[in-house]
Amino acid sequence: MKTTVKITSDHAGYDAKINLAKRLENEGYNVELFGSKTNNNSDSYADAAIELVNEIHKDGNPDENKNVKYVAFCGSGIGIEMTLNKFKGIRAARVTNENESHLAKLHNNANVLCMGGRLLEGNEVEKIFHSWENTEFEGGRHLERIKKLSSIGEN
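Going by the annotation in an unreviewed UniProt entry, the name recorded for the protein chain is Ribose-5-phosphate isomerase, with Metamycoplasma hominis given as the source organism. Under Sequence similarities (unreviewed entry), UniProt gives the following word-for-word description of the protein chain: "Belongs to the LacAB/RpiB family."

Draft legend 1. Quick look at the environment of His142. For His142, the location among the structural elements is in the loop between α5 (122-133) and α6 (143-150). In this structure the C-alpha to C-alpha distance between His142 and Leu24, which are 118 residues apart in sequence, comes to 30 Å. Those residues in contact with His142 that sit more than four places away from it in its chain are Leu106, His107 and Phe137.

Draft legend 2. A look at the environment of Ala93. Note that Ala93 resides in strand β4 (residues 92-94). Classification of Ala93 by relative accessible area gives buried; the value is 14%.

Draft legend 3. Seen up close, the pattern of salt bridges. Evaluation of the coordinates by the stated rule reveals six salt bridges. Glu55 is the salt-bridge partner of Lys6, the closest N and O atoms lying 2.6 Å from each other. Of the two residues, Lys6 is situated in strand β1 (residues 4-9) and Glu55 in helix α2 (residues 45-59); the sequence distance between them amounts to 49 residues. The exposure class assigned to Glu55 is buried, which follows from its relative accessible area of 11%. The salt bridge partner of Asp59 is Lys6, with a shortest N-O separation of 2.9 Å. With Asp59 in helix α2 and Lys6 in strand β1, the pair connects residues that are 53 residues apart, well separated along the chain. A residue is classified by how much of its surface remains accessible, and Lys6, at 5% relative accessible area, is buried.

Parameters and conventions
- Residues numbered from 1 in each chain as written.
- Predicted model: local features only at pLDDT ≥ 70, side-chain atom pairs only at ≥ 80, totals over all residues.
- Heavy atoms only, no water.
- UniProt positions renumbered as here; feature names shortened; annotations may be inferred.
- Helix = DSSP H or I, 4+ residues; strand = E, 2+ residues; numbered from the N terminus.
- Contact = heavy atoms within 4.5 Å.
- Buried < 20%, exposed > 50% of the residue type's maximum accessible area, 1.4 Å probe, protein only.
- Salt bridge = Lys/Arg side-chain N within 4 Å of Asp/Glu carboxyl O.

As structure tokens, then:
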């Protein structure tokens, strides 16, 4: 079964979203886009995040559905990450390089990858995504922390 990648962005992350989507489609992924439809508006990162959260809730538990990955962009990656992390069961990690994306999954089991569209080049974004996607959660001592995170939040 092909992996589906659901990507959202505000206007500032729009170009990075489109760039990553094209690259992933060329690799054979199913890609679905949410959030801003252009880089010319002043769309809210909060609205883009909420749209993705609705998709996540529709899809079921993101920790159990291994065939769907979630990615979010805003200008810095910070605002959209903050919004996503307001929701129960979401562990969004804003990362800037492959090592951070690896550790976000390995130790924190991040189920949404957030990046700054104004901070990263297309090649970097793709490498960061693959580092995150290809890393398995280590579990062990990290599991109790993840359980605690999963028990708090809204909605």
